[in-house]
Amino acid sequence: MKKQGSRRSDEGSGKAVRGLVTPEPGTAAWTPPMADGEVRIPVEEGLELRGLLQVPPGATGVVVLARGHGSSRRGATDLKVARLLRNEGLGTLAVDLLTAAEEEACRERDLRFNLGLFGGRLAGVARWLRRSPRTQGLRIGYFGAYTGAGAALASAAMRPELVDAVVCRGGRLGQLGATLSKVRAPTLLIVGAEDSSALEPHRRAFGAMTAEKRLEVIPGATHRFEEPGALTQMVDLACLWFLQHLGAPRWESLPEQRVAGG
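Because the structure is predicted, anything quoted here is derived from the model rather than measured.

## Comments concerning the pattern of salt bridges
Move 1: The final tally for this structure, using the stated rule, is eight salt bridges.
Move 2: Among the salt bridges present, the one from Asp-164 reaches Arg-130, with a minimum N-O distance of 3.2 Å. Placement of the pair is Asp-164 in the loop between helix 5 (147–158) and strand 7 (165–169) and Arg-130 in helix 4 (residues 115–131), with a sequence separation of 34 residues.
Move 3: For Arg-130, a relative accessible area of 28% translates into the label partly exposed.
Move 4: We note a salt bridge from Arg-159 to Glu-161, for which the minimum N-O separation is 2.4 Å.
Move 5: Taken together, the salt bridges that share partners define one network made up of Arg-67, Asp-78 and Arg-169.

This is how it looks when you write it as structure tokens:
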């Protein structure tokens, strides 16, 4: 879909890291980021998460990219998605929801798939963004993938005042149950038509939600959206959703919904 004035292009390598933010001594100390680059985010007593914050000039919103276990800061797909979002004028924060030590132990199922843990940490990231001088005036969106998709919805239900829009691509939604009815942020669910393990859970989650919602099923796509054109289509849908709900009235709305839970 063409959008007048769109600046998105899949060319370019993105900005180089220009700043490193390190906490001062003491628990929960932090330094506001003054430039794009690596950040350390205190989310609870004595615990910091690592992230990569990049905010283009004139941004009206910042999107937090999270996928639960694994590194959002270093994942090739996450970095590509973040670059495309920035090319549309949105800030991005790719954050790792586990510390390096926890990542080593993530084979333990109770940690790897703990949506309550991830949801609470994602809320902590949003609180940090709201008080940081560089991002405090921006609306906040969650973009969750895999376990991060469930974490995004869990966080939106837990602390609805902290998030303005949610996009989930694939991921674990079957564990959320009654939590879904507590989500208040406008939510877009994106799933591949050939993702047999996620398609029905997404349809059930869509039916359980009471907030503004939309379900997009991408024909021919599987779990990782690796098929030709699937990733671009997924990012286009996510960009339009975030631009619509994070304050960008110059962009056109999403096309009429093609798939809505069936």
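And the narrative resumes.
## Looking at the nonpolar core
Move 1: In terms of nonpolar packing, the biggest core is built from 51 residues, with Leu-93, Val-95, Val-125, Leu-129, Tyr-142, Leu-153 and Val-166 touching the most fellow members.
Move 2: The leading source of residues in this core is helix 4, at eight residues.
Move 3: With sequence-adjacent residues up to four places away left out, Val-125 is seen in contact with Ile-41, Val-43, Leu-49, Val-64, Leu-93 and Val-95.
Move 4: Core analysis: the second largest hydrophobic core is formed by 26 residues, Leu-65, Val-81, Val-167 and Ile-218 among them.

## Describing empty space enclosed by the protein
Move 1: Scanning the entire structure with this criterion turns up one cavity of 30 Å³ or more.
Move 2: Taken as a whole, the largest cavity spans an internal volume of roughly 40 Å³.
Move 3: Lining of the largest cavity is provided by Leu-65, Ala-66, Asp-78, Val-81, Phe-143, Ala-145 and Arg-169.
Move 4: Counting residues per element, the ones that place at least two in the lining of the largest cavity are strand 4 (61–66), helix 1 (76–87) and strand 6 (139–145).
Move 5: Classifying every residue of the lining of the largest cavity gives five nonpolar, no polar and two charged.

What counts, and at which threshold
- Residues numbered from 1 in each chain as written.
- Predicted model: local features only at pLDDT ≥ 70, side-chain atom pairs only at ≥ 80, totals over all residues.
- Heavy atoms only, no water.
- Salt bridge = Lys/Arg side-chain N within 4 Å of Asp/Glu carboxyl O.
- Helix = DSSP H or I, 4+ residues; strand = E, 2+ residues; numbered from the N terminus.
- Buried < 20%, exposed > 50% of the residue type's maximum accessible area, 1.4 Å probe, protein only.
- Core = buried A, V, L, I, M, F, W, Y, C linked by side-chain atoms within 4.5 Å.
- Contact = heavy atoms within 4.5 Å.
- 1 Å grid on protein atoms, 1.4 Å probe; cavity = no way out; pocket = protein on both sides within 12 Å on 5 of 7 lines; lining within 4 Å.
- Points joined across faces, edges and corners; volume = space filled by probe spheres on them.
- Nonpolar A, V, L, I, M, F, W, Y, C, P; charged D, E, K, R; others polar.

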